[in-house]
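Summary of the model geometry
Take a look at the letters that make up each chain.
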Amino acid sequence: MGGEGDRPVDGDVSWPLRGRRRVGRLRRRVDLAEAVAELSQRALRADEPDALLRESLQVAVELTGADYGTAVRRLPDGRLRVAHELGPQPLPPGTILQPHRERSYLLRVVSTGQPFLSSDLANDPHVSPPEPLLSRGVVSGIAVPVRGAHEVSGVLGLHFHRRRRFGRHDVAAASALASVVATAWQQVEQRERLAHLALHDPLTELPNRVLFLDRLEQALAQQVAGPQNGPGGLAVMLIDLDDFKGVNDGLGHAAGDHLLRVAAQRLQAAVRPEDTVARLGGDEFGVLCHPVPDEATALRLARRMLVAVRRPVEVEGSSLTVSASFGLTSRAGTGTAPPTAGTLLGEADIALYRAKDRGRGQVQLYDERLQRSTRRRRQLESELQAALERGELRLHYQPVRRTRDLQTVGVEALLRWQHPTRGLLLPDDFVPTAEQTGLLVPIGTWVLNTACRQVSQWQARSLRGADPLWLSVNVSPRQLDDTRLPDAVAAALRETSLSEGSLVLELTETALMPGDATRREALLRLRNSGAQLFLDDFGTGFSSLTHLTELPVQAVKVDKSFVAGLPTNRRSAAVVSSLMTLSDELGLAVIAEGVETYEQLDALQEMHCQSVQGFLLDHPQALPHLETRSRTAQLREPRRLPL
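Residues numbered from 1 in each chain as written. Predicted model: local features only at pLDDT ≥ 70, side-chain atom pairs only at ≥ 80, totals over all residues. Heavy atoms only, no water.

**Focus on the pattern of salt bridges**
The cut-off we apply is this: Salt-bridge detection follows one rule: a side-chain nitrogen of Lys or Arg within 4 Å of a carboxyl oxygen of Asp or Glu. A 1.4 Å probe rolled over the protein chains alone gives each residue an accessible area, and that area as a share of the maximum for its type sets the label: buried under 20%, exposed over 50%, partly exposed in between.
One pass over the full model with this rule turns up 18 salt bridges. The salt bridge partner of Arg402 is Asp405, with a shortest N-O separation of 2.9 Å. Residue Asp482 is joined to Arg484 by a salt bridge in which the shortest nitrogen-to-oxygen separation is 3.0 Å. A relative accessible area of 15% means that Asp482 is categorised as buried. In the salt-bridge network here, residues are joined through shared partners; they are Glu412, Glu506, Lys557 and Glu593.

Encoded structure:
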């Protein structure tokens with residue numbers, strides 16, 4: 001049962017006309033629905049967003065009879081930019097609009113998310129239409145929001161040269177097409193975000209390794225093509241933050257991340273707009289400077305970045321000063337064969353390695369001498385790896401004797417390498433390479449296990465009477481960072497059945513630095529594993545006598561530089577005497593290293609130093625003399641040998 005509006009009434013000649021209009025409106029709605037459905041599917045793919053935007057505006061213009069269809073995009077800074085426009089004399093894409101702040105209906109749609117309709121824009125008391133509309137004869141218009149995921153991202157506007165009243169069907173039609181535009185823009189933004197993430201570091205927002213290499217390849221390609229395709233030379237830098245691991249371990253990963261972000265911002269601010277700063281991974285950054293006229297310019301840029309990074313950083317309520325090491329290589333723009341990207345990165349890495357070897361906050365320029373040095377180091381690394389596998393490493397032992405009667409109380413295990421062509425090598429010849437290449441950990445494990453087995457055999461034979469012989473092995477700061485070391489110590493003691501307290505780990509002052517909570521925890525784990533801790537080479541590092549109260553050690557070994565001055569050097573005598581007094585109060589044993597004369601031995605006996613070690617009494621040997629020395633013992637090897 002329908003109403004009278006559904007059938008003709010006698011005498012009503014307007015019904016056929018109204019019916020035709022209704023059919024026309026229904027047809028337009030069907031056409032709109034079909035067009036929106038098709039365009040929406042294409043919007044999800046977003047293969048050609050510009051073409052899709054043009055077609056959406058074309059459908060809107062055709063179905064509404066509008067003279068202008070305009071899509072306006074809201075920029076992140078709030079400005080409005082024309083994305084596309086159809087109609088006579090359209091505004092070009094990218095045109096920035098200058099709407100009235102208080103009376104702009106475009107800004108009103110963006111801020112409220114509500115449609116705007118006006119049948120007479122020129123005389124509407126509530127708005128001030130932008131000048132381009134009125135100058136082109138626009139009379140009426142409708143504007144609907146283009147909604148993004150979280151906010152209004154733009155406006156779809158339809159404008160007419162004639163006066164027109166708008167109804168809810170007009171708003172629905174425009175809104176449906178605006179949703180197509182919104183979907184297309186969202187898909188494009190999503191793809192752009194994914195592309196950005198694929199080429200940028202999420203923590204610092206800097207380019208990542210992939211984008212860095214791509215830009216480096218482009219710069220090299222320009223050099224190959226010649227100066228007409230790009231000016232000047234280029235420089236590549238690799239940058240490492242000094243002691244970043246200490247910040248990460250001591251203050252936590254959140255502090256480390258903050259430091260990386262600050263460093264990234266400072267590096268970016270210090271370079272030129274045409275340069276690329278990238279985070280390559282961890283605390284390593286890369287910089288591509290292109291173009292650079294010469295090597296001196298590249299060095300100035302590196303030093304500028306060095307100064308920028310060095311400024312104090314507030315981290316977890318503390319002010320830290322963190323330096324960086326720079327490795328730099330450069331190439332002239334013309335006259336040289338272009339290298340590969342891999343070659344340049346390899347050269348910068350070699351230079352960075354040397355910069356870090358020189359200390360903190362250094363800039364090192366690559367040259368051929370560094371290349372030769374690196375080849376020698378890599379050859380030594382390869383040979384050292386083979387030495388570990390072929391059993392070329394050796395241990396020599398130097399006794400530590402009680403000062404008053406020269407009875408052996410312990411032995412220090414000292415590493416040697418029986419090189420197949422160079423003969424017997426001392427630690428200074430290969431241990432630095434082992435530290436830098438990661439081989440020191442397996443070598444240290446071998447030293448620990450081999451020495452424990454040997455001393456266990458000596459203890460079992462009771463070569464030195466009732467008191468068990470103790471063994472000391474040297475541990476570097478790099479080994480102390482290995483979390484597996486306490487387990488390795490406990491396993492070695494368990495497998496060799498060494499007497500309790502027989503194993504001593506000698507650590508340098510750097511490894512025992514006071515105030516380092518991470519290191520202190522590592523030392524406590526070593527103590528709990530069953531080892532004693534000795535402070536080696538006292539007096540050569542940061543420590544003072546007062547630091548001894550903070551260090552978890554059982555004995556102190558006085559560096560041979562102080563022993564060498566005895567008994568005539570008053571300063572050396574004062575240091576050793578003061579150390580004896582303080583150690584006695586702290587319950588620490590004192591061992592004097594480098595005893596080479598009877599005068600030194602006499603002075604140490606007068607000071608009541610507990611133990612001595614040196615060439616006067618023993619040279620390191622595979623099978624040392626462990627029996628008690630007589631007071632008149634003579635050196636079997638009169639020349640001095642380095643330890």
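**Let's talk about the sheet that holds strand S2 (residues 80–86)**
The line we're drawing: In this description, strands pair whenever DSSP reports at least two bridges between them. In this text, helices come from DSSP runs of H or I with a minimum length of four residues, and strands from runs of E with a minimum of two, each type numbered from the N-terminal end. Note on method: axes are straight lines fitted to C-alpha atoms, helices fitted across the in-contact stretch only, with angles between N-to-C directions ranging 0 to 180 degrees. Residue contacts are defined here by distance: any two heavy atoms, one from each residue, within 4.5 Å place the two residues in contact.
Here we have five strands laid out as an open sheet, ordered S2-S1-S5-S4-S3, and antiparallel in their pairing. Each end of this open sheet is capped by a strand with a single partner; those strands are S2 and strand S3 (116–118). Sheet twist, expressed as the mean angle between neighbouring strand axes with direction ignored, is 15 degrees. Its contacts with the sheet put helix H3 (residues 105–112) on strand S1 (68–74), S2, S3, strand S4 (140–147) and strand S5 (152–160), and the angle it makes with S5 is roughly 140 degrees. Each of S1, S2, S3, S4 and S5 touches helix H5 (residues 168–199); the most contacted strand, S4, lies at about 40 degrees to it.

**Comments concerning the pairing of strand S18 (residues 532–538)**
Look at any regular strand and the pattern is simple: side chains alternate between the two faces of the sheet. With five of its seven residues buried, S18 lies for the most part within the structure. Pairing of strand S17 (residues 503–507) with S18, which is carried by four bridges, proceeds in the parallel orientation. Within S18, the position partnered with Leu507 by the bridge is Leu535.

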